[in-house]
Amino acid sequence: MRTFFLAAALGLITLFVQQGDPNITAKYAIGEIKSIDSAAKQLTIQTDAGSTVTVSLSDKTTYKKLAPGEKSLTNATDVAVTDLAEGDRVMAQGTVAADQKSVPALRIIVMTKGDLAKKAEAERLEWRRRGILGVITALKPESKEITISNRTMAGTQAVVIPVSDKTDMRRYAPDSIKFADAKPSSFGELKVGDQLRALGDRAPEDPLHFNPQKVVTGSFRTVGGVVTAIDPATGEIKINELEKKHPLTVVVKHDSVLRRFPSEMGMMGGLGRGPGGPGGGAPGAGAPGGQAAQGGGQTRPQGGSPGAGGPGGPRPGGGFNINDMLERLPVISIADVKVGDTIIVSSTQGVDPTRITAISLVTGADTLLAMLAPRPQAGQAPNPAAGLGGSGISFGIGLP
């Protein structure tokens, strides 16, 4: 009897979890095609929340192809079941079973994997061309102005970003690592120290003002450490944190982006540094935003007066944005990370401080940290963690 009640309770829990999936309703299920069984006339799809649904097909099922971004079926085209492929995203319309694990489809609406990839690449290019990335250093609630620190190889600049009710604002949830999962947000949720990525245009009259259409923010944790163990099967990397010397577990998921910083980058002439760190300038010039930023003012970039360079291209004062450089490094897999490597990891602030889920990870980072760190005083030993403090590295927010 006890076993019966336990099984019933587990069944209710499973049903409750399934019913909490926003991609499953009484009339449809939305997900990515994981398998196609032509003989059985079935599809297996997986929702964004991880639920698995079996979709039954029949001679009465109709098929429509829709371009990504379309909001209605006006421009949909007729396709056949043979046009479906694994990786395509579908809406299976029909009466969903009570346990939400199956649906006999009356109509399948498909967005193909290829079309989705093209749209995603176009969006990434747009965010690179018209985007800006930095760390929030000041907030003005009365005027809804955000000041961010934007680090270039020539120094640090402060950029003012005014938002309005028309600005599409989104925010990463704790332990979330996907750009697409960012939730609707507001100015009131912002905090100094948050990372910010915005899509828009610099003001023609002042390149240190940025007019946004979309803003994505999040509270991120950036740490550096030396790899002590790697388990590719579980996607876990053990490190000794550089700053606090604590052991830390880095969880690498499917959506985590891993890159390698080539050692030869440190020998490039454009990455030389003066007495104050990268790009020269006075000692301490690398602090994000400068002191003036705390009052909402502007800090001019080191190395010259502001120019007309747009986001993603030449920056005011010369040089280029270090975060843009990091995003252009070659992508690797967890198999390419080795014990003894120095890595930098960005993640959202999670529940367990000893475990972080990687949004972005850069290995070979000892060269990068050495470039970013200020020169030690005479007789002072080099501090490998010094390159993280005030470095302006803000690669937690990915691209679409």
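Turning to the overall build of the chain, a few remarks are in order. Helix and strand counts for the chain come out as 4 helices and 25 strands. A burial count over the chain gives 44% of its 400 residues as buried. Contacts in the chain between residues at least 24 apart in sequence constitute 64% of all its contacts with a sequence separation of at least 6. Accessible surface, the chain: about 19700 Å² in total, of which carbon and sulfur atoms supply 56%.

This part takes up unusual backbone geometry. With the exception of glycine, most residues fall at negative phi, and the peptide bonds are largely trans. The phi dihedral of K41 falls on the positive side, at around 55°, and the residue is not glycine. When you line up the elements, K41 lands in the loop between β1 (28–37) and β2 (42–46). Phi at Q100 takes a positive value of approximately 60°, unusual for a residue other than glycine. Within the secondary structure layout, Q100 lies in the loop between β6 (89–93) and β7 (102–104).

Core analysis: the biggest nonpolar cluster contains 18 residues, and L43, I45, V55, L57, L84 and I108 have the highest contact counts within it. Listed by contribution, the elements that provide at least two residues to this core are β1, β2, β3 (52–56), β6 and β8 (107–111). For L57, the residues in contact, after removing those within four places along its chain, are K41, L43, Y63, V81, A105 and I108.

Here we come to the sheet that holds strand β5 (residues 77–78). Across the sheet, 8 strands lie side by side as β5-β4-β8-β6-β1-β2-β3-β7; this open sheet has mixed pairing. One side of each edge strand has no neighbouring strand; the edge strands of this open sheet are β5 and β7. Inspection of the sheet shows β1 paired to β2 by 5 bridges, in the antiparallel sense. For E32, the partnering residue across the bridge sits in β2 and is Q46.

The description of two aromatic rings rests on the distance between their centres and on the angle between their planes. Counted according to the given criterion, the structure contains 2 aromatic pairs. On the basis of an interplanar angle of 80° and a centroid distance of 5.3 Å, the ring pair of W127 and F179 is categorised as edge-to-face. Remark: F179 occurs in the loop between β12 (168–171) and β13 (183–184) and W127 occurs in helix α2 (residues 113–130); sequence separation between them is 52 residues. Taken individually, W127 and F179 each receive the classification buried, so the pair is uniform in this respect. Aromatic pair Y172 and F220: ring centres 5.2 Å apart, planes at 70°, arrangement edge-to-face. On the criterion of sequence distance, the pair formed by Y172 in the loop between β12 and β13 and F220 in strand β16 (residues 220–231) is long-range, its members being 48 residues apart. For Y172, a relative accessible area of 7% puts it in the buried group. Residue F220 is classed as buried on the basis of its relative accessible area of 10%.

A separate point is the environment of R130. On the secondary structure map, R130 appears in helix α2. Overall, the relative accessible area of 11% leaves R130 in the buried class. Each C-alpha atom, one on R130 and one on G200, is 5.5 Å from the other, the two residues being 70 residues apart in sequence.

Another point: the confidence of the model for the chain. Residue-level pLDDT values for the chain average 78, and 71% of them are 70 or greater. Here residues 1–18 is a poorly scored stretch, pLDDT under 50, and it has 8 contacts once near neighbours within four places are set aside; other chains count. Low pLDDT, under 50, characterises residues 266–320; the predicted model gives this stretch 127 contacts beyond four residues in sequence or across chains.

Turning next to the sheet that holds strand β22 (residues 331–332). Taken in spatial order, the 8 strands line up as β22-β19-β25-β23-β16-β17-β18-β24 in an open sheet, and their pairing is mixed. Each of the sheet's edge strands pairs with one partner strand only, and the pair in question is β22 and β24 (355–357). Bridge analysis of strand β19 (residues 257–260) against β22 gives 2 bridges, and the strand direction is antiparallel. By the bridge assignment, L258 is partnered in β22 with I332.

Pairing is possible between side chains that carry opposite charge, provided their charged atoms lie close to one another. Inspection of the entire model under this criterion finds 15 salt bridges. Here E126 makes a salt bridge to R130, at a shortest N to O gap of 2.9 Å. Here R130 and E126 lie together in helix α2, a separation of 4 residues that amounts to about one turn. The partner of D194 in a salt bridge is R171, and the shortest N-O contact between them spans 2.9 Å. Here D194 is found in the loop between β13 and β14 (195–203), whereas its partner R171 is found in strand β12, with 23 residues between them in sequence. Exposure class is identical for D194 and R171. Each is buried.

Its location among the elements puts K214 in strand β15 (residues 206–218). Owing to a relative accessible area of 36%, K214 belongs among the partly exposed residues under this scheme. Residues K214 and R197, 17 residues apart in the sequence, show an inter-C-alpha distance of 8.4 Å. Ignoring sequence-local partners within four residues, the contact set of K214 consists of W127, T167, D168, R197, A198 and L199.

Now for the pairing of β8. Pairing of strand β4 (residues 62–65) with β8, which is carried by 4 bridges, proceeds in the parallel orientation. Within the sheet, the bridge partner assigned to Y63 lies in β8 and is I108. In this sheet, β8 lies alongside β6 in antiparallel orientation, the contact comprising 5 bridges. Within β8, the residue paired with R89 across the bridge is M111.

Conventions adopted
- Along each chain, numbering runs from 1 in the same order as the chain's sequence is written.
- Only residues with pLDDT of at least 70 are given local features in this predicted model, and only at 80 or more are side-chain atom pairs given and counted; all residues enter the totals for whole chains, interfaces and linings.
- To obtain the side-chain values, all non-hydrogen atoms of the structure were included, while hydrogens and water were left out.
- Where helices and strands are cited, they refer to DSSP runs of H or I of at least four residues and of E of at least two residues respectively, numbered from the N terminus.
- The buried label goes to any residue with under 20% of its type's maximum accessible area, the exposed label to any with over 50%, and the partly exposed label to all in between, with areas taken from a 1.4 Å probe on protein chains only.
- Note on contacts: a residue pair is in contact if any heavy atoms of the two residues lie within 4.5 Å.
- Reported accessibility uses the Shrake-Rupley method at a 1.4 Å probe radius. Residues are deemed covered only where the shown protein chains occlude them.
- Only buried residues count toward a nonpolar core. Its members are Ala, Val, Leu, Ile, Met, Phe, Trp, Tyr and Cys residues joined through side-chain atoms within 4.5 Å.
- Each pair of strands is called paired provided DSSP finds at least two bridges between the two strands.
- In summary, the pairing rule links any two rings of Phe, Tyr or Trp, Trp by its six-membered ring, whose centres are within 6.5 Å, and it sorts them by plane angle into stacked for under 30 degrees, edge-to-face for over 60 and tilted for everything else.
- The predictor attaches a confidence to each residue, called pLDDT, with possible values from 0 through 100.
- Just to be clear on terms, a salt bridge is a Lys or Arg side-chain nitrogen sitting within 4 Å of an Asp or Glu carboxyl oxygen.

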